[in-house]
Amino acid sequence: MQLDLFDQSANAILGAKTYDEFRAALLKAGCTKCRLSQSRTHLVLDRGNPRAKVVLIGEGPGADEDAQGKAFVGRAGQLMDRLFRAVDLDTNRHCLILNVVKCRPPDNRPPAADEADTCMPFLKKQLDLVRPKVLVFLGATAVKYALGRKEIESMESVVGQMFTTPQYPGATCLIFYHPAFILRDPRKQPIFEQHVRALKDYLVREALLTA
Ligand code: URA
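Residues numbered from 1 in each chain as written. Predicted model: local features only at pLDDT ≥ 70, side-chain atom pairs only at ≥ 80, totals over all residues. Heavy atoms only, no water.

Participant: Help me understand the site of the ligand in this model?
Facilitator: Taken together, the residues surrounding the ligand are G58, E59, G60, E65, A71, F72, N99 and H178. Separating an oxygen atom of the ligand from a backbone N or O atom of F72 is a distance of 2.9 Å. Within the side chain of N99, a nitrogen or oxygen atom sits 2.8 Å from a nitrogen atom of the ligand. Looking at the shell around the ligand residue by residue, the classes come out as two nonpolar, four polar and two charged. (Near = heavy atom within 4 Å. Polar contact = N/O pair within 3.5 Å; in protein donor to acceptor, adjacent residues only side chain to side chain. Nonpolar A, V, L, I, M, F, W, Y, C, P; charged D, E, K, R; others polar.)

This is the structure:
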């Protein structure tokens, strides 16, 4: 999406100087740039703390998120909250939770490539304003679009990785399973727990929980 100099709402959204300004402008303008807007109830921008050092990136809103206008409030989000709480991480306080797309894909299908690409400037703007120290990619859609690794064959080959990338300067990146996948295959939960523990250890080691 280009920033059209004559499009006042795009200017207000993508030109926002603060996260709160960005949020207010996007909610006010109510994006209709892709087909997902036609069936949504709410634009779902986030949940949590915009001043947090950790940003979690999911796929897109499901039915509960669409109804409430908040990210990760359904079963997958509740599971994630519980597994973070087990290591004393509060997702509402220590994290900001974002998604690749801001509107619910019908029938909870993954977003199509054109939908994800259309929505990406909003996610990039959010990350630009928040400048997280740690960026967690939850599942294949986040890896594919927010990290741009469209070539990955399976989550198994990348999950648990910790790395930096010029794409997100100043952030340490981590790849986790999506919590909805853990709901579908609870045998993978111990791996998710191990990754959350590694995140917590990193935050403690780097003194990122104190500020
Ligand atoms: N799954 C996601 O990827 N995001 C949400 O907000 C909820 C479920």
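Text resumes after the structure shown.
Participant: Please clarify how the sheet that holds strand β6 (residues 172-176) should be interpreted in this entry.
Facilitator: By definition, the strands of a sheet pair up through backbone hydrogen bonds, in either a parallel or an antiparallel sense. The strand order across the open sheet formed by six strands is β1-β3-β2-β4-β6-β5, and the pairing between neighbours is mixed. If you trace the sheet from one side to the other, it starts and ends with β1 (47-48) and β5 (162-163), each paired once. The pairing of β5 with β6 spans two bridges and is antiparallel. Of the residues in β6, the one forming a bridge with M162 is L174. Seen against the sheet, helix α6 (residues 113-130) touches β2 (54-58), β3 (95-99) and β4 (134-138) and runs at an angle of roughly 165° to β3. (Pairing = 2+ DSSP bridges. Helix = DSSP H or I, 4+ residues; strand = E, 2+ residues; numbered from the N terminus. Contact = heavy atoms within 4.5 Å. Axes fitted to C-alpha atoms, helices over the stretch in contact; angles between N-to-C directions.)

Participant: Sorry if this is basic, but what is going on with the side chain of D66 here?
Facilitator: Tracing the backbone shows D66 in helix α3 (residues 63-68). A distance of 2.7 Å separates a polar atom in the side chain of D66 from the backbone nitrogen of T41. Beyond its immediate stretch of four places on either side in the chain, D66 contacts R40, T41, H42, V44, P61 and R104.

Participant: Sorry, what's going on with the state of the cysteines here?
Facilitator: Under the criterion given, the structure shown has zero disulfides. Here C95 is not disulfide-linked; the sulfur of C173 is the nearest cysteine sulfur, at 15 Å. Not engaged in a disulfide, the cysteine C103 finds its nearest cysteine sulfur in C34; these two sulfurs lie 6.3 Å apart. C103 sits in the buried class, given a relative accessible area of 8%. (Disulfide = S-S within 2.5 Å. Buried < 20%, exposed > 50% of the residue type's maximum accessible area, 1.4 Å probe, protein only.)

Participant: I'm lost on helix α2 (residues 19-29) in this one. Help?
Facilitator: Side chains three or four residues apart in an α-helix point the same way, a direct result of the helix having 3.6 residues per turn. The set of residues buried in α2 consists of Y19, F22, A25 and L26. All buried residues of α2 fall inside an arc of 130° around its axis, so they share one side. Contacts made by the buried residues of α2 are with α1 (8-14), β3 and α6. Backbone geometry just downstream of α2 places G30 in the positive-phi region, at approximately 60°. (Arc of directions from axis to C-beta.)

Participant: Would you mind going over the packing of aromatic side chains with me for this structure?
Facilitator: Aromatic ring pairs are reported here in terms of the distance separating the ring centres and the angle at which the planes meet. Per the stated rule, a full pass over the model turns up four aromatic pairs. Pairing Y19 with F22 gives two aromatic rings, centres 6.0 Å apart and planes at 40°, and the pair type is tilted. Residue Y19 and its partner F22 are located together in helix α2, separated by three residues, close to a single helical turn. Given a relative accessible area of 0%, F22 falls into the buried group. Considering the side-chain rings of F176 and F192, the 5.6 Å spacing of their centres and the 75° angle between planes classify their relative orientation as edge-to-face. Taken as a pair, F176 in strand β6 and F192 in helix α9 (residues 189-205) lie far apart in primary sequence, 16 residues in all. (Phe/Tyr/Trp six-rings, centres within 6.5 Å; stacked < 30°, edge-to-face > 60°.)

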